[in-house]
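# A look at the structure
Next come the chains, spelled out residue by residue.
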Amino acid sequence: MNTGVRAISFPGSEEKPNRTAALVCAALSVFLLAYVAMVRMNMIEDTNHSWTYASTLICSVILMSAVILYAVSDGKSWWVRYVLMSSIMITALIFCVIMTSSYLVFVLPMILCILYYNKEFSILMSVICGALMLLEPVLSYYADKVNLNYVDLIGESSGTVMISGWGWDSIEFQLVNYTVPCMVIFISISMLAIWLTHSGFENIMRYNETALRKAAIDKELAIASDIQRGMLPGEIPGKGDFSISARMLTARSVGGDFYDFLKADDTHVALVIADVSGKGTPAALFMASAKSALRSNLANGLQPDMVMKKTNQILCDSNREKLFVTSWLGIIDLETGRMSYVNAGHNPPFLIRGGKAEKLIDPPNFILGRKKRAEYKEHRITLQPGDVLFLYTDGVTEAVGADKKMFGESRLQDLLSGAGEDAGGIIETVDSEIRKFVGDVERSDDITMVTFALHRYMREELEFRDFVLDRGSYAAVMSHIRGALESSKCPENVIRDIEVCSSEILANIDMYAYQEKGGELGVAVSLSDRKAKVVFRDRGPEYNPLLKDNPDVEMRIKDHKVGGFGLSIVRKMMDEVIYSRENGYNVLTIKRGY
């Protein structure tokens, strides 16, 4: 994986330090040859031209030989470093003799040792350099290099100066009083430098490893964030009947909030918003599991209460981290505006109607993921054209400003009351106000918002067939319904169920709309998305049979009462039963999926 951070290799890297040492050897060799030339031309005063000439020439040859060996090798062999460093230390020793006790020249090989990033090798070179220092007084004696600090000078009457005490006594005196202390100081400082350098390299390596791991994690989080954004739904074509807008701002690379919306069928839209406890990767993974479970259960055609129940059971079975989800789910019938919803411990949404925002306050159900046997109650409300539903997570109301105060529900409600009816515009307005309120304060929680705006009811172009309803026309109506369903390849078991319900509805219309005196009846039959729909309309007085409570079966049997079970049977056998009053008609719709 390319993380964008370059790995640094420290110990065991031979090529670069060997090349640097070889360049130093070549430079020293050229310098020594130039020094010899200047001594020979008396440009530099030296009391022992022959010894200086010979020693520097030998050093130059040693240095050039080391460079040649480096050149013919691959530059990475372990022995190359020892050849190069040995030639440099020998040269440092000769320089020390020539310049009389100038031990600072041994700093050069120690500096080059650092380039190898090897503590053991550096310690070895430090000890060798210290040993070579001890040789300097002896070599200086044999080279006739007199250190005047350790001899006595005796002036003669003739004007000459005699040197007294030059020999082994001066060598011993120099060793004890100067060379050994210099060696101890040199080795001590070298050891300290080696320790500091090695510690620094280790810290750099740890930092580099940490940076590499962080870069890898950041890369993985970026991928996870892209995947998470890819899991969010796209636009749903509403043909002008409705519009949906959503926005999610995560506090970290990946968040625990999520939203979803999908068309359950041609006439129903499902909205989901949720907030997972915790932050970061664990919350994001749990979020993905919850989102997948919710969408799967919605796709199976379950009602909101059963969707929540099944999803909760799935999350409880796989919740090792003891996380939980607050969620709100609503399913909207686009034909009638009826919305069935369940709140699993989430912030209640706002319904914006007529320029005023009000919370949908219902007793919330238990959160998802912590109590496997939890039950969820479904609530219903009818949306009207022009209504806007605003869903949000607590990151909106709990956004903290510079004054440490929260944005709050009251501020949000006031803002929504004057935000208009455009779904996208409401999101932009709230987002802008939150950003102004928060300022430069870092977000501590994810912010997620979803708006659903109902512009008009979806109207399917139905073809009604008109009948005159009386006892004698029941058979004709039933024959028309069967024929329309059979021509659309509707399964026989579904046709039979619809026939039973249609018979009950016809009797109900005949009795309550026309008092069994007959009247106008329109019937429309359609089938799409594996769902059969039959619509009945009559001209009777406004009457909603769905407002009538289901009969108490035991009491009716006890009192020997007959009838009263028709609409109860219809409700149980059909997936949906919908009533509306339109243009002077009572309209009753039944739907049955298969």
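Residues numbered from 1 in each chain as written. Predicted model: local features only at pLDDT ≥ 70, side-chain atom pairs only at ≥ 80, totals over all residues. Heavy atoms only, no water.

### Details of the overall build of the chain
This is how it is decided: Numbering goes from the N terminus for both helices and strands, where a helix is a DSSP run of H or I of at least four residues and a strand is a run of E of at least two. For every residue, the accessible area (1.4 Å probe, protein chains only) is compared with the maximum for its type, and the residue is labelled buried under 20%, exposed over 50%, or partly exposed between those bounds. In what follows, residue pairs with any heavy atoms lying within 4.5 Å of each other are defined as contacts. To measure how exposed things are, a 1.4 Å probe is used in the Shrake-Rupley method; for residues, cover is taken only from the protein chains shown.
Check the secondary structure of the chain and you find 15 helices and 17 strands. Counting the 594 residues in the chain, one finds 45% classified as buried. Long-range pairs, those at least 24 residues apart, make up 72% of the contacts in the chain with a sequence separation of at least 6. With the model as given, the accessible surface of the chain reaches about 30,700 Å², and the carbon-plus-sulfur share is 56%.

### Remarks on the environment of Val577
Inspection of the secondary structure puts Val577 in strand E16 (residues 576-582). As a C-alpha pair, Val577 and Leu588 span 11 residues in sequence and 7.2 Å in three-dimensional space.

### A look at the confidence of the model for the chain
Quick reminder of the rule: How sure the predictor is of each residue is captured by pLDDT, a score from 0 to 100.
Looking at the chain as a whole, the pLDDT averages 84, with 86% of positions reaching at least 70. Scored below 50 in pLDDT, residues 1-12 makes 22 contacts in the model with residues more than four places away or belonging to other chains. Residue range residues 551-564 is modelled with pLDDT below 50. Its contacts to residues more than four positions away, or to other chains, number 10 contacts.

### Quick word on the pairing of E16
Using the following cut-off: Pairing between strands is defined by DSSP: at least two bridges between them are needed.
Within E16, 5 of the 7 residues are buried, which leaves it mostly tucked inside the rest of the structure. The hairpin formed by E16 and strand E17 (residues 585-593) contains 2 residues between the paired strands, and Asn583 there has a positive phi angle of roughly 50°.

### Looking at the packing of aromatic side chains
The condition is simple: Note on aromatic contacts: the rings of Phe and Tyr and the six-membered ring of Trp form a pair at centre separations within 6.5 Å, being stacked when their planes are under 30 degrees apart, edge-to-face when over 60 apart, and tilted otherwise. Placement of a charge over a ring requires the Lys NZ or Arg CZ to be within 6 Å of the ring centre, with the centre-to-atom vector within 35 degrees of the ring normal.
Evaluated as defined, the whole model comprises 14 aromatic pairs. Arranged with centres 5.2 Å apart and planes meeting at 85°, the rings of Tyr82 and Phe121 form a pair that is edge-to-face. Within this pair, whereas Tyr82 is found in helix H3 (residues 78-98), its partner Phe121 is found in helix H5 (residues 119-142), the two being separated by 39 residues in sequence. For Tyr82, a relative accessible area of 32% translates into the label partly exposed. On the numbers, 5.8 Å between centres and 25° between planes, the contact of Phe390 with Tyr392 is stacked. On the accessibility criterion, Phe390 (0% relative accessible area) is buried. For Tyr392, a relative accessible area of 0% corresponds to the buried category. By way of ring pairs, the aromatic residues Tyr82, Tyr116 and Phe121 are connected into one cluster. A cation over an aromatic ring shows up here: Arg81 above the ring of Phe121, its NZ or CZ 4.7 Å from the ring centre.

### Side note on the nonpolar core
Convention followed: Throughout, nonpolar core names a set of buried Ala, Val, Leu, Ile, Met, Phe, Trp, Tyr and Cys residues whose side chains join them through atoms within 4.5 Å.
Ranked by internal contacts, the top residues of the largest apolar core, which has 39 residues, are Leu84, Met85, Phe106 and Met125. For this core, the secondary-structure elements that each account for two or more residues are helix H1 (15-40), helix H2 (49-72), H3, helix H4 (107-114), H5 and helix H6 (168-231). Element by element, the count of residues in this core is highest for H3, at 11 residues. Ignoring any residue separated from it by four or fewer positions in sequence, one finds Met85 in contact with Pro109, Leu112, Cys113, Tyr116, Phe121 and Met125. Tyr514, Val534, Val570 and Tyr579 belong to the second-largest nonpolar core, a separate cluster that totals 28 residues.

### Quick look at H5
This is how it is decided: Here, expected helix span is obtained from the residue count minus one, scaled by 1.5 Å. In this analysis the local bend is the angle between axes fitted, respectively, to the seven residues ending at and the seven residues starting at the residue. For the purposes of these results, a polar contact is taken to be a pair of N or O atoms within 3.5 Å, where, inside protein, one atom must be able to donate a hydrogen and its partner to accept one; residues adjacent in sequence count only when each atom of the pair is a side-chain atom.
For H5, spanning 24 residues, the distance from its first C-alpha to its last is 35 Å, which sits close to the expected 34 Å at 1.5 Å a residue. Along H5, the sharpest kink reaches roughly 35°, centred on Leu135 and followed within four residues by the proline Pro137. When H5 is considered as a whole, its buried residues turn out to be Phe121, Ser122, Met125, Ser126, Cys129, Gly130, Leu132, Met133, Glu136, Pro137 and Ser140. Put simply, Asn118 is the residue that caps the front of H5, since its side-chain oxygen is 3.2 Å from the backbone nitrogen of Glu120. Of the residues one or two after H5, Asp144 is the one with positive phi, at around 60°.

### Observations concerning the sheet that holds E17
To keep it simple, the criterion reads: Fitted lines through C-alpha atoms serve as axes, helices being fitted only where they are in contact, and the angles separating the N-to-C directions of these axes extend from 0 to 180 degrees.
Here 5 strands make up an open sheet; going across it, the order is E13-E14-E15-E17-E16 and the pairing antiparallel. Where the open sheet ends on each side, the last strands, each with one partner, are strand E13 (465-469) and E16. On average, adjacent strands in this sheet sit at an angle of 20° to one another, irrespective of strand direction. Bridge count for E16 against E17 is 7 bridges, and the pairing is antiparallel. Its bridge partner lying in E17, Glu576 is registered against Lys591.

### Section: the sheet that holds strand E8 (residues 350-353)
One open sheet holds the 5 strands; their spatial order is E3-E12-E11-E8-E9, and the pairing between them is antiparallel. The strands lining the two open edges of the sheet, one partner per strand, are strand E3 (242-249) and strand E9 (356-359). Put simply, the sheet's adjacent strands are angled 15° from each other on average, direction ignored. Direction of pairing for E3 relative to strand E12 (residues 447-454): antiparallel, over a ladder of 8 bridges.

### Considerations on the packing of H4 against H5
What counts is decided by this rule: Throughout, the term roughly parallel applies to angles under 35 degrees, roughly antiparallel to angles over 145, roughly perpendicular to angles from 65 to 115, and oblique to all others. Residues are sorted three ways: Asp, Glu, Lys and Arg are charged, Ala, Val, Leu, Ile, Met, Phe, Trp, Tyr, Cys and Pro are nonpolar, and all the rest, Gly among them, are polar.
Between H4 and H5, the least distance of the axes is 9 Å, while the angle of their chain directions is 175°. As judged from the angle between their axes, H4 and H5 are roughly antiparallel. Contact residues: Pro109, Met110, Cys113 and Ile114 in H4; Phe121, Ser122, Met125, Ser126 and Cys129 in H5. Residue classes in the contact of H4 with H5 are distributed as 7 nonpolar, 2 polar and no charged.

### Observations regarding the pairing of strand E11 (residues 388-392)
With respect to burial, E11 is a largely interior element, 5 of its 5 residues being buried. The two faces of E11 match: Val388, Phe390 and Tyr392 on one face and Leu389 and Leu391 on the other face are all buried. Across 3 bridges, the pairing between E8 and E11 is antiparallel. Its bridge partner lying in E11, Ile352 is registered against Val388. Alignment of E11 against E12, held across 5 bridges, turns out to be antiparallel. The residue of E12 that forms the bridge with Leu389 is Phe452.

### Description of H1
The terminal C-alpha atoms of H1 lie 38 Å apart, and with 26 residues this matches the ideal 38 Å at 1.5 Å per residue to within 8%. Listing the buried residues of H1 in full gives Pro17, Asn18, Ala21, Ala22, Val24, Cys25, Leu28, Ser29, Leu32, Tyr35, Val36 and Val39. Backbone geometry just downstream of H1 places Asn42 in the positive-phi region, at approximately 60°.

### Brief notes about the side chain of Thr267
Along the chain, Thr267 falls in the loop between strand E4 (257-265) and strand E5 (268-276). A relative accessible area of 12% means that Thr267 is categorised as buried. Among the polar contacts listed, one links the side chain of Thr267 to the side chain of His268, at a separation of 3.0 Å. In this view, Thr267 contacts Ile332, Asp333, Leu334, Glu335, Met458 and Lys591; residues no more than four positions away in its chain are not counted.

### Side note on a nonpolar patch on the surface
Defined as follows: Here, patches come from residues exposed beyond 30% relative accessible area and free of salt bridges, joined within 9 Å for like charges and within 5 Å for nonpolar side chains (Val, Leu, Ile, Met, Phe, Trp, Tyr). Should a side-chain nitrogen of Lys or Arg be within 4 Å of a carboxyl oxygen of Asp or Glu, the pair is scored as a salt bridge.
Judged by side-chain polarity, Ile68, Leu69, Val72, Trp78, Trp79, Tyr82, Leu124 and Ile128 come together as a nonpolar surface patch covering roughly 780 Å² of accessible area. Among the secondary structure elements, those contributing two or more residues to the nonpolar patch are H2, H3 and H5. With respect to the helices and strands, the residue Ile68 is situated in helix H2.

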